[in-house]
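# Architecture and fold: a report
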Amino acid sequence: MTTDLTPSHLALVPFVSVHNMMRLVNTMGAEGFITELAAYIEEDFKRWPEFDKTPRVASHSHEGVIELMPTADAELYGFKYVNGHPKNMKEGFQTVTAFGVLSAVSNGYPVLLTEMTILTALRTAATSALVGRYLAPEGSKVMAMIGNGAQCEFQAMAFRALCGINTLRLYDIDPAATAKAKRNLEGQGFEITTCTSGQEAVEGAQIVTTCTADKQYATILSDNMIGRGQHINAIGGDCPGKTELHKDILLRSDIFVEYPEQTRIEGEIQQLAEDHPVTELWKVMRGEAQGRRDAAQITLFDSVGFAIEDFSALRFVRDKVDGTDFAEPLDMLADPDDPRDLFGMVQRAKG
């Protein structure tokens, strides 16, 4: 007797590889992708109370961190596996890699498996620029970018797509990183000024983005570098013991966060008292709290990344790849004819 080893349709999960994620981004255009993704993120922030929420589950070592970021609403469960290893670049590895899964709550079956190294960069940038719409000074045109690594260009594309930024002032302690970013961004039509210090970079900028990789307390921005009316997009500090801003900047700023229970562990506000007031962004987006009040206010997005943003990205990708060749079927779930006879399925596969 011949055994049919062809997987059933229930065994197959749509899988988006790195190759297909790049195809999808290039087909849509990076700014188009980010703009549509930001709409999904905003939609989910506006229904924030519907989600299960917990700080990410982190396993720290001297070399870096490995994290799981789960959340769910009534219909879908999503999680992301992600690492952060600052030393990796010197050894030829990426600092951050990730993959994610979206599943149906009704039966627990995955409905999407996807790379999330590229997708995380895109969702981080989309979130930053979305928040910029609520917090950046009106008419902002210039952004300083301190830290010109893998996230730099995505941030620039997002802030142009969502906030109208087209002039960038770049600084990194590694001139090669700045040269790379300048080359890539000039190719996208940005006006670029390369700077020799963080102080020089922030001059004349309405928005200041910090995105450095060192896993330590650091002072990327000192108090004298930030003036009235600026918006700070602080995305580098994202684990215990890692910050980028001098404490005095925090004390002068109105601070906006994703999920306080996580940000107080990992964000810039780990430097402050546990009861220091912060504003949750979902309340701003729902009109329940105020964002920018006036032109003189210093606003700070203390960004650490939260699972709901990944959930939004997974939903977005699922919808974009459905019925297309951007996803390929992966034989991932055992599906015996009799759900009780998993052993028999294995034995029959001998042929």
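Along every chain, residues carry numbers that run from 1 in the direction the sequence is written. Per-residue local features of the predicted model are confined to residues with pLDDT of at least 70, and side-chain atom pairs are confined, for both listing and counting, to 80 or more; whole-chain, interface and lining totals are unaffected and use all residues. Side-chain numbers come from the whole structure's heavy atoms, not from hydrogens or water.

On to the overall build of the protein. Runs of H or I in DSSP of at least four residues are treated as helices and runs of E of at least two as strands, each being numbered from the N terminus. What the protein contains, in helices and strands, is 11 helices and 17 strands. Relative to a compact globule of 351 residues, whose C-alpha radius of gyration would be 20 Å, the protein shows 22 Å and is just as compact. For the protein, the spread of C-alpha atoms along the principal axes amounts to about 80 × 45 × 40 Å. A buried classification covers 50% of the 351 residues belonging to the protein. Should any heavy atoms of two residues lie within 4.5 Å, those residues are counted as being in contact. The contacts of the protein with a sequence gap of at least 6 include a subset with a gap of at least 24, amounting to 71%. Here, Shrake-Rupley sampling with a 1.4 Å probe gives the accessible areas, and only protein chains in the shown set may cover a residue. Counting every atom, the protein has about 15,900 Å² of accessible surface; 53% of that belongs to carbon and sulfur. The positive count covers Lys and Arg only, the negative count covers Asp and Glu only, and His and the chain ends enter neither. Note that the charge is assigned to NZ on lysines, CZ on arginines, CG on aspartates and CD on glutamates. One finds the centroid of the 32 positive side-chain charges in the protein at a distance of 3 Å from the centroid of its 49 negative side-chain charges. What the globule rule says is 2.2 Å times the number of residues to the power 0.38, and the radius of gyration is computed from C-alpha atoms. Only protein chains enter the accessibility calculation, which uses a 1.4 Å probe; a residue is then buried when its area is under 20% of its type maximum, exposed when over 50%, and partly exposed in between.

What makes two strands pair is DSSP finding at least two bridges between them. Spatially, eight strands are ordered 9-8-7-10-12-16-14-15 in an open sheet, and the strand pairing comes out parallel. Two strands lie at the open edges of the sheet, namely strand 9 (191–194) and strand 15 (279–280), each paired on one side alone. The pairing of strand 7 (residues 142–146) with strand 10 (residues 207–210) spans four bridges and is parallel. Along strand 10, the bridge assignment pairs Ile146 with Thr210.

Right, let's talk about the packing of aromatic side chains for a bit. For any pair of aromatic rings, the description rests on two quantities: the centre-to-centre distance and the angle between the ring planes. Put simply, two rings from Phe, Tyr or Trp (the six-membered ring, in Trp's case) pair if the centres are within 6.5 Å, and we call them stacked under 30 degrees between planes, edge-to-face over 60, tilted for the rest. This structure, assessed with the given rule, holds nine aromatic pairs. Considering the side-chain rings of Phe79 and Phe99, the 6.5 Å spacing of their centres and the 75° angle between planes classify their relative orientation as edge-to-face. Pair noted here: Phe79 is in strand 4 (residues 76–84) and Phe99 is in strand 5 (residues 98–104), with a separation of 20 residues, a long-range link. Plain terms: the ring middles of Tyr81 and Phe99 are 5.1 Å apart, the flat faces sit at 15° to each other, and that makes the pair stacked. Here Tyr81, found in strand 4, pairs with Phe99, found in strand 5; they are 18 residues apart in sequence, far enough to count as distant. We classify Tyr81 as partly exposed; its relative accessible area is 27%. By way of ring pairs, the aromatic residues Phe45, Trp48, Tyr259 and Phe306 are connected into one cluster. Only Lys NZ and Arg CZ are tested; either one counts as a charge over a ring when it is within 6 Å of the ring centre and within 35 degrees of the ring normal. Here the guanidinium or amino end of Arg160 rests over the ring plane of Phe190, the centre of that ring lying 4.0 Å away.

To continue, consider helix 3 (residues 117–135). Between the first and last residue of a helix there are one fewer steps than residues, each counted as 1.5 Å, and that sum is the expected span. The end-to-end C-alpha distance of helix 3, which contains 19 residues, comes to 27 Å, matching closely the 27 Å that a straight helix rising 1.5 Å per residue would cover. Counting buried positions along helix 3 gives 15 out of 19 residues, so the element sits mostly inside the fold.

Below, the discussion takes up the pairing of strand 9. Here strand 8 (residues 167–171) runs beside strand 9; their pairing, made up of four bridges, is parallel. The residue of strand 9 that forms the bridge with Leu170 is Thr194. Taking the sense of rotation as the criterion, the β-α-β connection linking strand 8, helix 5 (residues 175–186) and strand 9 turns out right-handed. Throughout, right-handed denotes a crossover for which the path from the first strand over the helix to the second runs clockwise when the strands point away from the viewer.

Our next topic: the pattern of salt bridges. For salt bridges, the criterion is a side-chain nitrogen of Lys or Arg within 4 Å of an Asp or Glu carboxyl oxygen. Taken as a whole, this structure holds 24 salt bridges when the rule is applied. Of the charged contacts, one joins Arg315 and Asp44 as a salt bridge, the two residues approaching to 3.1 Å between their closest N and O atoms. Highlighted residues: Arg315 in helix 10 (residues 307–321) and Asp44 in helix 2 (residues 30–45), separated in sequence by 271 residues. For the pair Arg315 and Asp44, one class covers both residues: buried. Sharing partners across several salt bridges, the network here consists of Glu43, Asp44, Arg47, Glu50, Asp73 and Arg315.

Turning next to the nonpolar core. Among the buried residues, those of types Ala, Val, Leu, Ile, Met, Phe, Trp, Tyr and Cys that are joined through side-chain atoms within 4.5 Å form a nonpolar core. Counting residues in each nonpolar core, the largest one holds 63 residues, and the members touching the most others are Phe33, Leu37, Leu168, Leu185, Val317 and Val321. The residues touching Leu185, leaving out its near neighbours within four places in the chain, are Cys152, Glu153, Ala156, Leu168, Phe190 and Ile192. Core analysis: the second largest hydrophobic core is formed by 23 residues, Met225, Leu245, Leu250 and Ile255 among them.

For the rest of this paragraph, the subject is the packing of helix 1 (residues 18–28) against helix 3. Orientation is described by lines fitted to C-alpha atoms, with helices fitted over the stretch in contact, and by angles between N-to-C directions that extend from 0 to 180 degrees. At a minimum axis separation of 9 Å, helix 1 and helix 3 run at an interaxial angle of 35°. Two secondary-structure elements touch here, helix 1 through Val18, Met21, Met22 and Val25 and helix 3 through Ile118, Leu119 and Leu122. Here the contact of helix 1 with helix 3 is composed, by residue class, of seven nonpolar, no polar and no charged. Amino acids are sorted into nonpolar (Ala, Val, Leu, Ile, Met, Phe, Trp, Tyr, Cys and Pro), charged (Asp, Glu, Lys and Arg) and polar (every other residue, Gly among them).

Before going further, it helps to examine the side chain of Asn148. Checked against the element boundaries, Asn148 lands in the loop between strand 7 and helix 4 (152–163). Looking at Asn148, the relative accessible area reads 0%, which means it is buried. A polar contact is formed between the side chain of Asn148 and the side chain of Thr178, at a distance of 2.7 Å. Excluding its chain neighbours within four sequence positions, the residues that come into contact with Asn148 are Leu170, Tyr171, Asp172, Ala177, Thr178, Lys180 and Ala181. We define a polar contact as two N or O atoms separated by no more than 3.5 Å, with the added condition that, inside protein, one atom must be a possible hydrogen donor and the other a possible acceptor, whereas residues neighbouring each other in sequence contribute only through side-chain atom pairs.

As a further point, take the packing of helix 2 against helix 4. Contact geometry of helix 2 with helix 4 gives a least axis separation of 9 Å together with a crossing angle of 70°. Our classification of the angle between helix 2 and helix 4 gives roughly perpendicular. Handedness of the helix 2/helix 4 crossing: right-handed. For the pair helix 2 and helix 4, the contacting residues are Ala30, Glu31, Ile34, Thr35 and Ala38 in the first and Phe154, Met157, Ala158, Arg160, Ala161 and Leu162 in the second. Looking at the contact of helix 2 with helix 4, its residues break down into eight nonpolar, one polar and two charged. Any angle between 65 and 115 degrees counts as roughly perpendicular, while under 35 counts as roughly parallel, over 145 as roughly antiparallel, and the rest as oblique. By the definition used in this description, the sense in which the near helix is turned from the far one sets the handedness, with an anticlockwise turn below a right angle giving left-handed and a clockwise turn giving right-handed.

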